[in-house]
Amino acid sequence: MLKRLALGTAVTLGIAALANGTYMLVSPVGWYFTVPGVTTTGPFNQHFLRDIGLIFLFIAGAFLIGAARARYRVALWGAASLWLAGHALFHVWEVLVGICGPSALARDFLAVSLPALLGIAVTAWAVGDSKDRSGRSA
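Within each chain, residues carry numbers counting from 1 in the order of the written sequence. Reporting in this predicted model follows two pLDDT cut-offs: at least 70 for local features of residues, and 80 or more for side-chain atom pairs to be given and counted; totals over whole chains, interfaces and linings ignore these cut-offs and use all residues. For side-chain calculations, the full set of non-hydrogen atoms in the structure is used, while hydrogens and water are omitted.

Q: How would you explain the layout of surface pockets if you had to name every residue and give the values?
A: Using only the protein atoms, space was sampled on a 1 Å grid; points where a 1.4 Å probe fits but cannot get out form cavities, open sets with protein on both sides within 12 Å along at least five of seven lines form pockets, and lining residues are those with an atom within 4 Å of a point. Grid points are joined across faces, edges and corners, and a volume is the space filled by probe spheres set on the points. Empty space within the largest pocket amounts to approximately 990 Å³. Considering the residues around the largest pocket, the lining is formed by 38 residues, among which Trp31, Val38, His87, His91 and Val112 are closest to the centre. Of all the secondary structure elements, the ones that give two or more residues to the lining of the largest pocket are α1 (2–26), α2 (28–34), α3 (46–68), α4 (73–96) and α5 (103–133). Only Asp, Glu, Lys and Arg are considered charged, only Ala, Val, Leu, Ile, Met, Phe, Trp, Tyr, Cys and Pro nonpolar, and every remaining residue, Gly among them, polar. When its residues are assigned to classes, the lining of the largest pocket shows 26 nonpolar, nine polar and three charged. Numbering of helices and strands starts at the N terminus; helices are DSSP runs of H or I of at least 4 residues and strands are runs of E of at least 2.

Printed below as a string of structure tokens:
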């Protein structure tokens, strides 16, 4: 049951990252003006948005390939989750130094903090699962 939940979560994270990254690449202007709070973070920069869109495509690939290939799961999910966690911590830092108000954390939770927390959770599960599959105690 836990395995199905972890794999389903990883696939969901992968699909969400794929959708977000594709939107950023195909319509950076649309993405910039559609996503709540983005316009308050600085002026529109098509190059920057497409760079980040590529990162989201890599994150999507990491979660989706990891869901399909157990042997790569820890490395792929760990790398993707590290970026997502860094992104979430950057949002916290912006609040701590006064760039954004605390309400930004609540506004961004579903799109920024939750994916990082879920990525960390599925990566932790994958670490334990990899130990179980190798015959060592978890």
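Q: Can you explain the nonpolar core? Please cite residues and give values.
A: Each nonpolar core is a collection of buried residues, namely Ala, Val, Leu, Ile, Met, Phe, Trp, Tyr and Cys, held together in the definition by side-chain atoms within 4.5 Å. Partly exposed residues are those whose accessible area sits between 20% and 50% of the maximum for their type, while under 20% is buried and over 50% is exposed, using a 1.4 Å probe and protein chains only. One finds Met24, Phe56, Ile59, Phe63, Trp77 and Leu84 to be the most contacted residues of the largest nonpolar core, which totals 27 residues. Two residues qualify as a contact provided that any one of their heavy atoms is within 4.5 Å of a heavy atom in the partner residue. The contact partners of Phe63, leaving out residues within four places of it in the chain, are Ala10, Leu13, Gly14, Trp77, Ala80, Ser81, Leu84, Gly119 and Val122.

Q: Tell me about the side chain of Glu94, residues and numbers included.
A: Turning to its location among the elements, Glu94 is positioned in helix α4. Here Glu94 occupies a buried position and makes no salt bridge, while the nearest side chain of opposite charge, Arg107, is found at 6.9 Å. Residues in contact with Glu94, not counting those within four places in the same chain, are Ile99 and Cys100. When charges are counted, Lys and Arg are positive and Asp and Glu negative, with His and the chain ends excluded. Salt bridges, as used here, are contacts in which a Lys or Arg side-chain nitrogen is within 4 Å of a carboxyl oxygen on Asp or Glu.

Q: So what's going on with the side chain of Arg73? Residues and values would help.
A: Examined against the element boundaries, Arg73 turns out to sit in helix α4. At a separation of 3.0 Å, a polar atom in the side chain of Arg73 contacts the main-chain carbonyl oxygen of Ala67. Filtering out sequence-adjacent residues up to four positions away, Arg73 remains in contact with Leu7, Gly66, Ala67, Gly78, Trp125, Ala126 and Asp129. Polar contact is defined as a pair of N or O atoms within 3.5 Å, subject to the rule that within protein one atom must be able to donate a hydrogen and the other to accept it, and that residues adjacent in sequence are counted only when both atoms are side-chain atoms.

Q: How would you explain α3 if you had to name every residue and give the values?
A: Every helix has an expected span of 1.5 Å times one less than the residues it contains. The end-to-end C-alpha distance of α3, which contains 23 residues, comes to 33 Å, matching closely the 33 Å that a straight helix rising 1.5 Å per residue would cover. Of the residues that open α3, the one with a side-chain oxygen 3.1 Å from the backbone nitrogen of His47 is Asn45.

Q: Summarise the packing of aromatic side chains; cite the residues concerned and give the values.
A: Centre distance within 6.5 Å is the pairing criterion for rings of Phe, Tyr and Trp, where only the six-membered ring of Trp is used; planes under 30 degrees apart are then read as stacked, over 60 as edge-to-face, and the remainder as tilted. For the coordinates displayed, the defined rule picks out six aromatic pairs. Residues Phe63 and Trp77 carry aromatic rings whose centres are separated by 6.4 Å and whose planes lie at 40° to one another, so their mutual orientation is tilted. Of this pair, Phe63 sits in helix α3 while Trp77 sits in helix α4; the two residues are 14 residues apart in sequence, bridging distant segments of the chain. Residue Phe63 is classed as buried on the basis of its relative accessible area of 0%. Given a relative accessible area of 0%, Trp77 falls into the buried group. On the numbers, 6.4 Å between centres and 35° between planes, the contact of Trp77 with Trp125 is tilted. Of this pair, Trp77 sits in helix α4 while Trp125 sits in helix α5, and the two are 48 residues apart along the sequence. Ring pairs connect the aromatic residues Tyr32, Phe33 and Phe44, which therefore count as one cluster.

Q: Which residues make up the packing of α1 against α5, and what are the values?
A: Helix-helix packing is described using two parameters, namely the angle between the two axes and the distance between the axes. Packing of α1 against α5 brings their axes to within 10 Å, and their N-to-C directions diverge by 140°. As judged from the angle between their axes, α1 and α5 are oblique. Of the two possible hands of crossing, α1 and α5 adopt the one that is left-handed. Judged by residue contacts, Leu2, Lys3, Ala6, Thr9, Ala10 and Leu13 of α1 engage Pro115, Leu118, Gly119, Val122 and Trp125 from α5. Split into classes, the residues belonging to the contact of α1 with α5 amount to eight nonpolar, two polar and one charged. Here the axes come from fitting lines to C-alpha atoms, over the contacting stretch only for helices, and the angles between their N-to-C directions go from 0 to 180 degrees. Note on angle classes: values under 35 degrees are labelled roughly parallel, values over 145 roughly antiparallel, values of 65 to 115 roughly perpendicular, and the remainder oblique. By definition, any crossing whose near helix is turned counterclockwise from its far helix by less than a right angle is left-handed, and any crossing with a clockwise turn is right-handed.

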